[in-house]
Amino acid sequence: MFIAEKAKYDYLADLPEGENIAEAINNAMKLIEAEYPDLEGILPKSYQEFDEKLLRDLVRVFNKDAVKNAKGDVFGRIYEFFLMKFSMQGAGAQEGGEFFTPPSLVNLIVNFIQPNHGIVHDPACGSGGMFVQTAHFIEDQVHKNVNEAITVYGTELKSNNTRLAKMNLAIHGIEGKIIEANSFYTNPHHLTGKCDFVMANPPFNVDKIDAKNKFLADDDRLPFGPPLTGKGTISNGNYLWMQYFHSYLNETGRAGFVMASSATDAGNAEKLIRQKLIETGDVECIVAISNNFFYTRSLPCHVWFFNKGKKKENKDKVLMIDARNTFNKVSTTINDFSNEHLEGLTALMNAFRSNDSSLRGTKQSLQKNQWLNQHFPENKYQDVEGLCKIASIEEIKEQDYSLTPGRYVGVKIDIDMDFDYKTRMTEIHAELAQLNTEANSLMEQIQAVKL
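Scope of this entry: the structure provided in the associated data block. (Residues numbered from 1 in each chain as written. Predicted model: local features only at pLDDT ≥ 70, side-chain atom pairs only at ≥ 80, totals over all residues. Heavy atoms only, no water.)

## Things to note about the overall build of the protein
Next up, step 1: Helix and strand counts for the protein stand at 18 helices and 11 strands.
Next up, step 2: Each of the three principal axes of the protein carries a C-alpha extent, and together these read 90 × 60 × 60 Å.
Next up, step 3: Per-residue burial over the protein gives 45% buried out of 451 residues.
Next up, step 4: Here the protein has roughly 23400 Å² of accessible surface; of this, 52% comes from carbon and sulfur atoms. (Helix = DSSP H or I, 4+ residues; strand = E, 2+ residues; numbered from the N terminus. Buried < 20%, exposed > 50% of the residue type's maximum accessible area, 1.4 Å probe, protein only. Areas by Shrake-Rupley, 256 points an atom, 1.4 Å probe, with all protein chains shown as cover.)

## Considering the environment of Val411
Next up, step 1: Within the fold, Val411 resides in the loop between helix H17 (406-409) and helix H18 (421-448).
Next up, step 2: Distance from Val411 to Asp322, taken between C-alpha atoms, is 9.7 Å for residues 89 residues apart in sequence.

## Re the packing of helix H6 (residues 103-113) against helix H7 (residues 129-142)
Next up, step 1: One can describe the packing of H6 onto H7 by two numbers: an axis separation of 10 Å at closest approach and a directional angle of 55 degrees. In this view, H6 runs oblique relative to H7, as classed from their interaxial angle. Every pair of crossing elements has a handedness; the one defined by H6 and H7 is right-handed. Every residue of H7 that contacts H6 at Val106, Asn107, Ile109 and Val110 is listed here: Gly129, Met130, Gln133, Thr134 and Phe137.
Next up, step 2: Of the residues belonging to the contact of H6 with H7, the class tally is 5 nonpolar, 4 polar and no charged. (Axes fitted to C-alpha atoms, helices over the stretch in contact; angles between N-to-C directions. Parallel < 35°, antiparallel > 145°, perpendicular 65-115°, else oblique. Left-handed = near helix turned anticlockwise from the far one by under 90°. Contact = heavy atoms within 4.5 Å. Nonpolar A, V, L, I, M, F, W, Y, C, P; charged D, E, K, R; others polar.)

## Points about helix H9 (residues 159-171)
Next up, step 1: With 13 residues, H9 should reach 18 Å at 1.5 Å per residue; the first-to-last C-alpha distance of 18 Å fits that figure.
Next up, step 2: Those residues of H9 lying buried are Asn161, Thr162, Ala165, Met167, Asn168, Leu169 and Ala170. (Expected span 1.5 Å × (residues − 1).)

## Brief notes about unusual backbone geometry
Next up, step 1: Despite not being glycine, Asn205 has its phi angle at roughly 50 degrees, a positive value.
Next up, step 2: With respect to the helices and strands, Asn205 occurs in the loop between strand S4 (195-200) and helix H10 (214-217).

## With respect to the environment of Ala269
Next up, step 1: For Ala269, the location among the structural elements is in helix H12 (residues 268-279).
Next up, step 2: As a C-alpha pair, Ala269 and Gly230 span 39 residues in sequence and 9.0 Å in three-dimensional space.
Next up, step 3: Contact partners of Ala269, with chain neighbours within four places excluded, come to Pro227 and Leu228.

## Looking at the sheet that holds strand S2 (residues 150-156)
Next up, step 1: Reading across from one edge, S3-S2-S1-S4-S5-S7-S6-S8-S11 is the order of the 9 strands in this open sheet, with mixed pairing throughout. Two strands close off the open sheet at either side, each with one partner strand: strand S3 (176-180) and strand S11 (388-392). For this sheet, the mean angle separating the axes of adjacent strands, direction not counted, is 15 degrees.
Next up, step 2: Summarising the sheet, strand S1 (residues 118-122) and S4 pair through 2 bridges and their orientation is parallel. Directly across from Val120, in S4, lies its bridge partner Phe197.
Next up, step 3: The strands that H6 touches are S4, strand S5 (249-260), strand S6 (283-289), strand S7 (301-307) and strand S8 (317-322); relative to S7, the one it contacts most, it runs at about 20 degrees. (Pairing = 2+ DSSP bridges.)

## What to know about the packing of helix H2 (residues 21-35) against helix H3 (residues 52-62)
Next up, step 1: H3 packs onto H2 with a crossing angle of 55 degrees between their chain directions and a minimal axis gap of 9 Å. Between H2 and H3, the crossing angle belongs to the class labelled oblique. Packed against H2, whose contacting residues are Ile21, Ala22 and Ile25, the element H3 presents Glu52, Leu55, Arg56 and Val59 at the interface.
Next up, step 2: By residue class, the composition of the contact of H2 with H3 is 5 nonpolar, no polar and 2 charged.

## Observations concerning helix H13 (residues 339-354)
Think of an α-helix as turning once every 3.6 residues; residues three or four places apart then point the same way.
Next up, step 1: Along its 16 residues, H13 runs 22 Å from first to last C-alpha, staying within 8% of the 22 Å computed at 1.5 Å per residue.
Next up, step 2: By the criterion of burial, H13 is predominantly enclosed, with 12 of the 16 residues buried.
Next up, step 3: Looking at the residues trailing H13, positive phi occurs at Asn355, about 60 degrees.

## Brief notes about the pattern of salt bridges
Next up, step 1: Under the counting rule described, the total for this entry stands at 17 salt bridges.
Next up, step 2: Residue Glu33 is joined to Lys45 by a salt bridge in which the shortest nitrogen-to-oxygen separation is 2.8 Å. With Glu33 in helix H2 and Lys45 in the loop between H2 and H3, this pair connects stretches of sequence that are 12 residues apart.
Next up, step 3: Residue classification places Lys45 among the partly exposed residues on the basis of a relative accessible area of 29%.
Next up, step 4: One salt bridge in this structure joins Lys315 and Asp282, with 2.8 Å as the shortest N-O distance. Taken together, the residues span a long stretch of sequence, with Lys315 in the loop between S7 and S8 and Asp282 in the loop between H12 and S6 at a distance of 33 residues.
Next up, step 5: In the salt-bridge network here, residues are joined through shared partners; they are Glu17, Glu52, Arg56 and Arg60. (Salt bridge = Lys/Arg side-chain N within 4 Å of Asp/Glu carboxyl O.)

## As for the nonpolar core
Next up, step 1: In terms of nonpolar packing, the biggest core is built from 56 residues, with Val287, Ile321 and Phe376 touching the most fellow members.
Next up, step 2: Leaving out residues up to four positions away in the same chain, Val287 has contacts with Leu108, Phe112, Cys301, His302, Val303, Phe305, Ile321 and Ala323.
Next up, step 3: In terms of nonpolar packing, the next biggest core, distinct from the first, is built from 40 residues, Ile119, Ala266, Ile273 and Ile278 among them. (Core = buried A, V, L, I, M, F, W, Y, C linked by side-chain atoms within 4.5 Å.)

Interpretation in functional terms is not warranted from these geometric data alone.
Take a look at the structure:
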(Lines give C-alpha, C1' and ligand atoms only; values in the text may rest on other atoms or scores of the structure.)
Protein backbone atom coordinates (compact mmCIF):
# COMPACT_ATOMS: atom_id res chain seq x y z
CA MET A 1 0.00 0.00 0.00
CA PHE A 2 1.57 3.31 -1.08
CA ILE A 3 1.53 6.02 1.57
CA ALA A 4 2.55 9.62 0.82
CA GLU A 5 5.47 10.97 2.89
CA LYS A 6 3.24 13.44 4.80
CA ALA A 7 0.88 10.59 5.73
CA LYS A 8 3.55 8.40 7.33
CA TYR A 9 4.13 8.03 11.06
CA ASP A 10 7.77 9.12 10.70
CA TYR A 11 6.69 12.52 9.32
CA LEU A 12 3.92 13.00 11.89
CA ALA A 13 6.10 11.91 14.83
CA ASP A 14 8.84 14.37 13.84
CA LEU A 15 6.56 17.39 13.55
CA PRO A 16 7.85 20.32 15.66
CA GLU A 17 5.86 21.12 18.80
CA GLY A 18 4.60 24.36 17.21
CA GLU A 19 2.98 22.55 14.29
CA ASN A 20 -0.72 21.64 14.48
CA ILE A 21 -0.68 17.83 14.82
CA ALA A 22 -4.44 17.45 14.39
CA GLU A 23 -4.41 19.35 11.11
CA ALA A 24 -1.44 17.27 9.92
CA ILE A 25 -3.29 14.00 10.66
CA ASN A 26 -6.43 15.27 8.92
CA ASN A 27 -4.25 16.07 5.91
CA ALA A 28 -2.69 12.60 6.08
CA MET A 29 -6.20 11.09 5.82
CA LYS A 30 -6.89 13.21 2.73
CA LEU A 31 -3.62 12.11 1.11
CA ILE A 32 -4.45 8.42 1.67
CA GLU A 33 -7.96 8.91 0.24
CA ALA A 34 -6.46 10.64 -2.82
CA GLU A 35 -4.36 7.52 -3.53
CA TYR A 36 -7.21 5.07 -2.94
CA PRO A 37 -10.56 6.06 -4.49
CA ASP A 38 -12.41 3.26 -2.62
CA LEU A 39 -11.59 5.11 0.62
CA GLU A 40 -12.82 8.50 -0.62
CA GLY A 41 -14.95 10.13 2.11
CA ILE A 42 -14.40 7.14 4.43
CA LEU A 43 -11.46 8.05 6.68
CA PRO A 44 -12.07 10.23 9.76
CA LYS A 45 -10.88 13.86 9.47
CA SER A 46 -11.95 15.38 12.78
CA TYR A 47 -8.79 14.94 14.84
CA GLN A 48 -9.00 18.55 16.04
CA GLU A 49 -11.54 17.22 18.58
CA PHE A 50 -8.73 15.36 20.41
CA ASP A 51 -6.21 16.73 22.88
CA GLU A 52 -2.95 17.63 21.09
CA LYS A 53 -0.72 15.84 23.63
CA LEU A 54 -2.82 12.69 23.32
CA LEU A 55 -2.45 12.73 19.54
CA ARG A 56 1.32 13.25 19.70
CA ASP A 57 1.69 10.43 22.26
CA LEU A 58 -0.39 8.03 20.15
CA VAL A 59 1.60 8.79 17.00
CA ARG A 60 4.86 8.19 18.89
CA VAL A 61 3.58 4.88 20.30
CA PHE A 62 2.66 3.58 16.84
CA ASN A 63 5.99 4.85 15.46
CA LYS A 64 8.14 2.91 17.93
CA ASP A 65 10.63 0.43 16.52
CA ALA A 66 8.87 -2.42 18.36
CA VAL A 67 5.71 -1.76 16.32
CA LYS A 68 7.49 -0.88 13.06
CA ASN A 69 9.64 -4.02 13.16
CA ALA A 70 6.92 -6.40 14.32
CA LYS A 71 6.18 -9.17 11.83
CA GLY A 72 2.78 -9.89 10.36
CA ASP A 73 -0.38 -7.85 10.12
CA VAL A 74 0.20 -5.76 13.28
CA PHE A 75 -1.99 -2.76 12.45
CA GLY A 76 -4.74 -5.06 11.21
CA ARG A 77 -4.65 -6.98 14.50
CA ILE A 78 -4.78 -3.71 16.45
CA TYR A 79 -7.83 -2.61 14.44
CA GLU A 80 -9.53 -5.97 15.09
CA PHE A 81 -8.74 -5.71 18.81
CA PHE A 82 -10.40 -2.31 19.15
CA LEU A 83 -13.41 -3.34 17.06
CA MET A 84 -13.91 -6.27 19.42
CA LYS A 85 -13.42 -4.14 22.54
CA PHE A 86 -15.89 -1.48 21.31
CA SER A 87 -18.42 -4.22 20.51
CA MET A 88 -17.95 -5.82 23.96
CA GLN A 89 -18.69 -2.43 25.52
CA GLY A 90 -21.92 -2.09 23.56
CA ALA A 91 -20.68 0.30 20.88
CA GLY A 92 -22.69 -0.01 17.69
CA ALA A 93 -25.91 -0.62 19.58
CA GLN A 94 -27.46 2.12 17.49
CA GLU A 95 -26.58 -0.01 14.48
CA GLY A 96 -28.29 -3.03 16.01
CA GLY A 97 -25.02 -4.37 17.42
CA GLU A 98 -24.47 -6.10 14.10
CA PHE A 99 -21.17 -4.71 12.94
CA PHE A 100 -18.98 -7.26 14.66
CA THR A 101 -19.25 -11.06 14.64
CA PRO A 102 -17.42 -12.70 17.57
CA PRO A 103 -14.12 -14.29 16.50
CA SER A 104 -15.20 -17.75 17.71
CA LEU A 105 -18.09 -17.90 15.26
CA VAL A 106 -16.07 -16.41 12.39
CA ASN A 107 -13.27 -18.92 13.03
CA LEU A 108 -15.76 -21.80 13.14
CA ILE A 109 -17.16 -20.78 9.74
CA VAL A 110 -13.73 -20.28 8.17
CA ASN A 111 -12.39 -23.57 9.54
CA PHE A 112 -15.43 -25.50 8.28
CA ILE A 113 -15.68 -24.08 4.74
CA GLN A 114 -11.93 -23.42 4.20
CA PRO A 115 -12.19 -20.42 1.83
CA ASN A 116 -8.86 -20.79 0.05
CA HIS A 117 -9.56 -19.63 -3.51
CA GLY A 118 -11.88 -17.80 -5.89
CA ILE A 119 -14.76 -15.48 -5.05
CA VAL A 120 -15.70 -14.92 -1.39
CA HIS A 121 -18.96 -13.06 -0.78
CA ASP A 122 -20.60 -11.70 2.38
CA PRO A 123 -24.01 -10.15 1.57
CA ALA A 124 -24.34 -8.73 5.12
CA CYS A 125 -20.69 -7.93 5.75
CA GLY A 126 -20.88 -5.58 8.77
CA SER A 127 -17.30 -4.46 9.47
CA GLY A 128 -15.82 -7.10 7.13
CA GLY A 129 -14.60 -9.50 9.82
CA MET A 130 -15.31 -12.59 7.68
CA PHE A 131 -12.91 -11.32 5.01
CA VAL A 132 -10.20 -10.54 7.55
CA GLN A 133 -10.33 -14.02 9.10
CA THR A 134 -10.32 -15.53 5.61
CA ALA A 135 -7.11 -13.58 4.92
CA HIS A 136 -5.54 -14.95 8.12
CA PHE A 137 -6.61 -18.49 7.09
CA ILE A 138 -5.00 -18.12 3.66
CA GLU A 139 -1.77 -16.70 5.08
CA ASP A 140 -1.50 -19.28 7.89
CA GLN A 141 -2.85 -22.43 6.22
CA VAL A 142 -2.47 -21.93 2.47
CA HIS A 143 0.66 -19.72 2.60
CA LYS A 144 -0.44 -17.54 -0.29
CA ASN A 145 -0.92 -13.81 -0.82
CA VAL A 146 -4.55 -13.14 0.01
CA ASN A 147 -5.16 -10.93 -3.03
CA GLU A 148 -3.74 -13.59 -5.35
CA ALA A 149 -5.86 -16.33 -3.76
CA ILE A 150 -9.29 -14.70 -3.41
CA THR A 151 -11.48 -11.79 -4.51
CA VAL A 152 -13.86 -10.46 -1.88
CA TYR A 153 -17.26 -8.82 -2.34
CA GLY A 154 -19.35 -7.38 0.47
CA THR A 155 -22.74 -5.74 0.78
CA GLU A 156 -23.80 -3.75 3.83
CA LEU A 157 -27.01 -1.86 4.55
CA LYS A 158 -25.72 0.67 7.07
CA SER A 159 -23.40 3.56 6.26
CA ASN A 160 -21.23 3.40 9.38
CA ASN A 161 -20.70 -0.34 8.98
CA THR A 162 -19.77 0.14 5.32
CA ARG A 163 -17.12 2.68 6.34
CA LEU A 164 -15.76 0.30 8.99
CA ALA A 165 -15.58 -2.53 6.45
CA LYS A 166 -13.73 -0.44 3.87
CA MET A 167 -11.21 0.73 6.46
CA ASN A 168 -10.84 -2.84 7.75
CA LEU A 169 -9.97 -4.16 4.28
CA ALA A 170 -7.55 -1.28 3.64
CA ILE A 171 -5.74 -1.73 6.96
CA HIS A 172 -5.34 -5.47 6.31
CA GLY A 173 -4.23 -4.89 2.71
CA ILE A 174 -7.21 -6.83 1.31
CA GLU A 175 -8.46 -5.76 -2.10
CA GLY A 176 -12.20 -6.03 -2.54
CA LYS A 177 -15.46 -4.35 -3.34
CA ILE A 178 -17.83 -3.22 -0.58
CA ILE A 179 -21.17 -1.72 -1.65
CA GLU A 180 -23.73 -0.02 0.58
CA ALA A 181 -27.08 -1.51 -0.43
CA ASN A 182 -30.19 -3.33 0.79
CA SER A 183 -29.73 -7.02 -0.11
CA PHE A 184 -33.50 -7.62 0.04
CA TYR A 185 -34.25 -5.35 -2.92
CA THR A 186 -30.97 -5.39 -4.86
CA ASN A 187 -28.33 -7.86 -5.99
CA PRO A 188 -25.53 -5.32 -6.40
CA HIS A 189 -22.61 -7.59 -7.27
CA HIS A 190 -24.60 -9.90 -9.62
CA LEU A 191 -22.89 -12.98 -8.20
CA THR A 192 -25.70 -15.52 -8.42
CA GLY A 193 -24.16 -18.94 -9.16
CA LYS A 194 -20.63 -17.50 -9.21
CA CYS A 195 -19.32 -17.69 -5.64
CA ASP A 196 -16.85 -20.25 -4.37
CA PHE A 197 -17.60 -19.28 -0.77
CA VAL A 198 -20.33 -17.34 1.03
CA MET A 199 -19.96 -16.31 4.67
CA ALA A 200 -22.37 -14.17 6.66
CA ASN A 201 -23.86 -13.19 9.98
CA PRO A 202 -27.06 -11.52 8.74
CA PRO A 203 -29.41 -9.65 11.08
CA PHE A 204 -31.89 -12.11 12.60
CA ASN A 205 -35.67 -12.04 12.12
CA VAL A 206 -35.77 -8.84 10.02
CA ASP A 207 -39.38 -7.70 9.73
CA LYS A 208 -41.18 -5.04 7.68
CA ILE A 209 -39.88 -6.46 4.40
CA ASP A 210 -42.03 -5.25 1.50
CA ALA A 211 -43.42 -8.50 0.08
CA LYS A 212 -44.95 -6.56 -2.82
CA ASN A 213 -41.62 -5.12 -3.95
CA LYS A 214 -41.28 -5.99 -7.64
CA PHE A 215 -37.65 -7.03 -7.19
CA LEU A 216 -38.69 -10.01 -5.05
CA ALA A 217 -41.02 -11.38 -7.74
CA ASP A 218 -38.20 -11.64 -10.29
CA ASP A 219 -35.28 -12.31 -7.93
CA ASP A 220 -33.26 -15.25 -9.31
CA ARG A 221 -31.84 -15.75 -5.80
CA LEU A 222 -35.24 -17.04 -4.60
CA PRO A 223 -35.75 -20.37 -6.42
CA PHE A 224 -38.24 -21.52 -3.77
CA GLY A 225 -40.04 -18.17 -3.58
CA PRO A 226 -40.39 -15.71 -0.72
CA PRO A 227 -41.70 -17.13 2.59
CA LEU A 228 -45.17 -15.55 2.41
CA THR A 229 -47.70 -15.78 5.22
CA GLY A 230 -51.39 -16.43 4.57
CA LYS A 231 -51.87 -12.65 4.39
CA GLY A 232 -49.21 -12.32 1.69
CA THR A 233 -46.65 -10.72 4.00
CA ILE A 234 -43.15 -11.82 5.01
CA SER A 235 -42.87 -12.30 8.76
CA ASN A 236 -39.06 -12.20 8.77
CA GLY A 237 -36.12 -12.31 6.37
CA ASN A 238 -34.38 -15.48 7.61
CA TYR A 239 -35.41 -17.68 4.67
CA LEU A 240 -34.68 -14.92 2.17
CA TRP A 241 -31.10 -14.79 3.44
CA MET A 242 -30.76 -18.58 3.32
CA GLN A 243 -31.93 -18.76 -0.29
CA TYR A 244 -29.53 -15.93 -1.24
CA PHE A 245 -26.60 -17.78 0.29
CA HIS A 246 -27.51 -21.03 -1.49
CA SER A 247 -28.10 -19.29 -4.83
CA TYR A 248 -24.82 -17.36 -4.78
CA LEU A 249 -22.81 -20.62 -4.72
CA ASN A 250 -21.37 -22.16 -7.86
CA GLU A 251 -21.60 -25.91 -8.43
CA THR A 252 -18.90 -26.72 -5.86
CA GLY A 253 -19.39 -23.72 -3.57
CA ARG A 254 -19.62 -23.77 0.22
CA ALA A 255 -21.45 -21.43 2.58
CA GLY A 256 -21.35 -20.91 6.34
CA PHE A 257 -23.61 -18.49 8.14
CA VAL A 258 -25.02 -17.62 11.56
CA MET A 259 -28.79 -17.81 11.92
CA ALA A 260 -31.49 -17.37 14.57
CA SER A 261 -32.20 -20.61 16.44
CA SER A 262 -35.90 -20.38 15.58
CA ALA A 263 -35.13 -20.94 11.88
CA THR A 264 -34.28 -24.64 12.26
CA ASP A 265 -37.86 -25.40 13.35
CA ALA A 266 -39.85 -22.59 11.70
CA GLY A 267 -43.20 -23.66 10.25
CA ASN A 268 -45.52 -22.84 7.34
CA ALA A 269 -43.83 -21.37 4.24
CA GLU A 270 -40.44 -21.39 5.94
CA LYS A 271 -40.74 -25.12 6.62
CA LEU A 272 -41.53 -25.79 2.95
CA ILE A 273 -38.45 -23.82 1.87
CA ARG A 274 -36.33 -25.67 4.44
CA GLN A 275 -37.63 -28.99 3.08
CA LYS A 276 -36.64 -27.98 -0.46
CA LEU A 277 -33.20 -26.88 0.70
CA ILE A 278 -32.72 -30.24 2.46
CA GLU A 279 -33.89 -32.10 -0.66
CA THR A 280 -31.16 -30.42 -2.74
CA GLY A 281 -28.70 -32.48 -0.69
CA ASP A 282 -26.60 -29.35 -0.13
CA VAL A 283 -27.21 -28.86 3.62
CA GLU A 284 -23.99 -30.22 5.09
CA CYS A 285 -23.94 -29.41 8.80
CA ILE A 286 -25.84 -27.57 11.54
CA VAL A 287 -24.10 -26.49 14.77
CA ALA A 288 -26.13 -25.38 17.79
CA ILE A 289 -24.36 -22.62 19.77
CA SER A 290 -25.01 -21.77 23.42
CA ASN A 291 -26.02 -18.40 24.85
CA ASN A 292 -23.58 -15.52 25.38
CA PHE A 293 -21.41 -15.86 22.27
CA PHE A 294 -22.57 -12.42 21.10
CA TYR A 295 -21.23 -9.42 23.02
CA THR A 296 -24.40 -7.33 22.97
CA ARG A 297 -27.03 -10.06 23.14
CA SER A 298 -27.36 -13.32 25.09
CA LEU A 299 -29.46 -15.25 22.57
CA PRO A 300 -28.44 -18.72 21.29
CA CYS A 301 -28.00 -19.32 17.57
CA HIS A 302 -27.17 -21.96 14.98
CA VAL A 303 -24.44 -21.97 12.38
CA TRP A 304 -25.54 -23.50 9.07
CA PHE A 305 -23.30 -24.93 6.37
CA PHE A 306 -24.17 -25.56 2.70
CA ASN A 307 -21.90 -27.49 0.34
CA LYS A 308 -22.88 -27.97 -3.30
CA GLY A 309 -19.78 -30.13 -3.82
CA LYS A 310 -20.73 -32.78 -1.23
CA LYS A 311 -19.66 -36.31 -2.04
CA LYS A 312 -22.43 -38.40 -3.61
CA GLU A 313 -22.53 -40.74 -0.61
CA ASN A 314 -23.10 -37.75 1.73
CA LYS A 315 -25.87 -36.07 -0.27
CA ASP A 316 -28.58 -37.69 1.87
CA LYS A 317 -26.87 -36.97 5.19
CA VAL A 318 -26.44 -33.95 7.48
CA LEU A 319 -23.90 -33.68 10.29
CA MET A 320 -25.69 -32.47 13.42
CA ILE A 321 -23.55 -30.98 16.20
CA ASP A 322 -25.05 -29.79 19.47
CA ALA A 323 -22.26 -27.58 20.84
CA ARG A 324 -24.40 -25.88 23.47
CA ASN A 325 -22.33 -27.51 26.20
CA THR A 326 -19.04 -26.78 24.44
CA PHE A 327 -17.73 -23.38 25.40
CA ASN A 328 -15.06 -21.52 27.31
CA LYS A 329 -16.30 -18.97 29.86
CA VAL A 330 -14.62 -15.61 29.19
CA SER A 331 -16.70 -13.69 31.75
CA THR A 332 -20.07 -13.98 33.46
CA THR A 333 -21.76 -12.74 30.27
CA ILE A 334 -19.46 -13.89 27.46
CA ASN A 335 -18.59 -17.39 26.19
CA ASP A 336 -16.36 -18.48 23.33
CA PHE A 337 -14.70 -21.56 21.86
CA SER A 338 -11.17 -22.40 22.95
CA ASN A 339 -8.62 -23.31 20.29
CA GLU A 340 -9.09 -26.96 21.29
CA HIS A 341 -12.85 -26.70 20.81
CA LEU A 342 -12.42 -25.14 17.35
CA GLU A 343 -9.83 -27.70 16.32
CA GLY A 344 -11.95 -30.58 17.63
CA LEU A 345 -15.18 -29.41 15.98
CA THR A 346 -13.30 -28.89 12.70
CA ALA A 347 -11.97 -32.45 12.95
CA LEU A 348 -15.59 -33.71 13.14
CA MET A 349 -16.50 -31.79 9.98
CA ASN A 350 -13.38 -33.01 8.14
CA ALA A 351 -14.11 -36.62 9.10
CA PHE A 352 -17.69 -36.34 7.82
CA ARG A 353 -16.76 -34.52 4.62
CA SER A 354 -13.96 -36.95 3.73
CA ASN A 355 -15.76 -40.12 4.91
CA ASP A 356 -12.60 -40.92 6.86
CA SER A 357 -13.55 -41.58 10.46
CA SER A 358 -10.01 -40.97 11.75
CA LEU A 359 -10.04 -37.74 13.76
CA ARG A 360 -6.43 -37.02 14.54
CA GLY A 361 -4.25 -38.18 11.65
CA THR A 362 -0.63 -37.20 12.15
CA LYS A 363 -1.24 -33.65 13.36
CA GLN A 364 0.42 -33.36 16.76
CA SER A 365 -2.01 -30.82 18.21
CA LEU A 366 -4.96 -33.09 17.34
CA GLN A 367 -3.34 -36.04 19.09
CA LYS A 368 -3.01 -33.92 22.25
CA ASN A 369 -6.46 -32.36 21.97
CA GLN A 370 -8.12 -33.04 25.33
CA TRP A 371 -11.62 -32.20 24.07
CA LEU A 372 -11.29 -34.87 21.36
CA ASN A 373 -9.74 -37.32 23.80
CA GLN A 374 -12.67 -36.84 26.17
CA HIS A 375 -15.41 -37.39 23.57
CA PHE A 376 -13.67 -39.66 21.07
CA PRO A 377 -11.20 -41.85 23.03
CA GLU A 378 -11.02 -44.38 20.19
CA ASN A 379 -9.64 -41.79 17.78
CA LYS A 380 -12.54 -42.28 15.35
CA TYR A 381 -15.64 -40.31 14.55
CA GLN A 382 -18.76 -41.88 16.02
CA ASP A 383 -22.14 -40.50 16.94
CA VAL A 384 -21.91 -39.27 20.55
CA GLU A 385 -25.06 -38.87 22.60
CA GLY A 386 -25.64 -35.22 23.43
CA LEU A 387 -22.94 -33.98 21.02
CA CYS A 388 -23.09 -35.17 17.40
CA LYS A 389 -24.86 -37.46 14.97
CA ILE A 390 -24.86 -37.99 11.22
CA ALA A 391 -28.57 -37.80 10.41
CA SER A 392 -30.07 -39.36 7.29
CA ILE A 393 -32.71 -37.68 5.16
CA GLU A 394 -35.18 -40.35 6.36
CA GLU A 395 -34.52 -39.40 9.99
CA ILE A 396 -34.94 -35.72 9.12
CA LYS A 397 -38.27 -36.49 7.43
CA GLU A 398 -39.39 -38.33 10.58
CA GLN A 399 -38.60 -35.12 12.52
CA ASP A 400 -40.82 -33.14 10.10
CA TYR A 401 -37.76 -31.54 8.44
CA SER A 402 -36.52 -29.97 11.66
CA LEU A 403 -32.82 -29.13 11.59
CA THR A 404 -32.42 -28.67 15.34
CA PRO A 405 -29.40 -30.82 16.32
CA GLY A 406 -30.85 -31.53 19.77
CA ARG A 407 -33.61 -33.60 18.16
CA TYR A 408 -31.02 -35.99 16.71
CA VAL A 409 -28.14 -36.16 19.14
CA GLY A 410 -30.32 -36.70 22.22
CA VAL A 411 -29.46 -35.74 25.75
CA LYS A 412 -26.51 -37.22 27.56
CA ILE A 413 -27.27 -38.24 31.13
CA ASP A 414 -24.19 -38.18 33.31
CA ILE A 415 -24.34 -40.68 36.20
CA ASP A 416 -21.75 -40.27 38.94
CA MET A 417 -21.01 -43.89 39.85
CA ASP A 418 -19.20 -42.78 43.02
CA PHE A 419 -22.24 -40.96 44.41
CA ASP A 420 -24.39 -42.80 47.00
CA TYR A 421 -27.85 -42.14 45.49
CA LYS A 422 -29.62 -44.64 47.85
CA THR A 423 -28.40 -42.95 51.04
CA ARG A 424 -29.17 -39.49 49.68
CA MET A 425 -32.75 -40.52 48.75
CA THR A 426 -33.22 -41.90 52.29
CA GLU A 427 -32.04 -38.54 53.69
CA ILE A 428 -34.42 -36.64 51.40
CA HIS A 429 -37.37 -38.83 52.48
CA ALA A 430 -36.53 -38.22 56.14
CA GLU A 431 -36.29 -34.45 55.57
CA LEU A 432 -39.63 -34.49 53.73
CA ALA A 433 -41.31 -36.45 56.56
CA GLN A 434 -39.96 -33.98 59.15
CA LEU A 435 -41.23 -31.01 57.09
CA ASN A 436 -44.67 -32.64 56.77
CA THR A 437 -44.81 -33.16 60.54
CA GLU A 438 -43.89 -29.52 61.18
CA ALA A 439 -46.45 -28.36 58.59
CA ASN A 440 -49.23 -30.40 60.24
CA SER A 441 -48.29 -29.06 63.68
CA LEU A 442 -48.34 -25.50 62.37
CA MET A 443 -51.72 -26.07 60.71
CA GLU A 444 -53.23 -27.35 64.02
CA GLN A 445 -51.93 -24.26 65.87
CA ILE A 446 -53.45 -21.93 63.26
CA GLN A 447 -56.81 -23.71 63.30
CA ALA A 448 -56.86 -23.58 67.14
CA VAL A 449 -56.80 -19.79 67.10
CA LYS A 450 -60.29 -18.36 67.71
CA LEU A 451 -60.82 -14.63 67.18
